[in-house]
Amino acid sequence: TGAACAAGSHSGSHVLREMRLDKSVLQGAIRFSLGSETTREEIDQVLELLPGLVEKLRKTAARPS
């Protein structure tokens, strides 16, 4: 719900808030950090796994409490 350095914060990223994004976007944002050592294979793996993870989270979030 926020930057790693702001663990426990529920207000979302200050950068995204400054962009005046909708609250639902703030709460659903995922940030990926890439570095000079990030490989194409690692990016491909994320792109392969992410859709299934998002679908699983959506189903979990849609369940009544």
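Residues numbered from 1 in each chain as written. Predicted model: local features only at pLDDT ≥ 70, side-chain atom pairs only at ≥ 80, totals over all residues. Heavy atoms only, no water.

A. Spotlight on the overall build of the protein. Along the protein, the regular secondary structure elements total 3 helices and 0 strands. Listed N to C, the secondary structure of the protein is α-α-α in terms of helices and strands. Sorting the 65 residues of the protein into buried and exposed places 3% on the buried side. Summing over all exposed atoms, the protein offers an accessible surface of approximately 6,100 Å²; the carbon and sulfur share of this is 56%. (Helix = DSSP H or I, 4+ residues; strand = E, 2+ residues; numbered from the N terminus. Buried < 20%, exposed > 50% of the residue type's maximum accessible area, 1.4 Å probe, protein only. Areas by Shrake-Rupley, 256 points an atom, 1.4 Å probe, with all protein chains shown as cover.)

B. Representation of a nonpolar patch on the surface in the model. A contiguous nonpolar surface patch, about 330 Å² in accessible area, is contributed by V15, M19, L21 and V25. With respect to the secondary-structure elements, L21 resides in the loop between α1 (14–18) and α2 (23–28). (Patch = residues over 30% accessible without salt bridge, like charges linked within 9 Å, V, L, I, M, F, W, Y side chains within 5 Å. Salt bridge = Lys/Arg side-chain N within 4 Å of Asp/Glu carboxyl O.)

C. Summary view of helix α3 (residues 40–62). Across its 23 residues, α3 extends 33 Å between first and last C-alpha, which sits within 8% of the 33 Å expected from 1.5 Å per residue. Its maximal kink placed at L50, α3 deviates by approximately 35°, while the proline P51 follows within four residues. (Expected span 1.5 Å × (residues − 1). Bend = angle between axes of the 7 residues up to and from the residue.)

D. Unusual backbone geometry, seen in detail. For R20, which is not glycine, the phi torsion reads 55° and is therefore positive. Tracing the backbone through its elements, the reader meets R20 in the loop between α1 and α2. For R20, a relative accessible area of 73% gives the class exposed.

E. A look at the environment of V15. Among the structural elements, V15 can be located in helix α1. Assessed through its relative accessible area of 44%, V15 is described here as partly exposed. C-alpha separation for the pair V15 and L26, spaced 11 residues apart in sequence, amounts to 9.8 Å.

F. Spotlight on the confidence of the model for the protein. Put simply, the protein has an average pLDDT of 84, and 82% of its residues get 70 or more. Within the protein, no element has a lower average pLDDT than α2, which sits at 83, and none a higher one than α3, at 93. (pLDDT = per-residue confidence, 0-100.)

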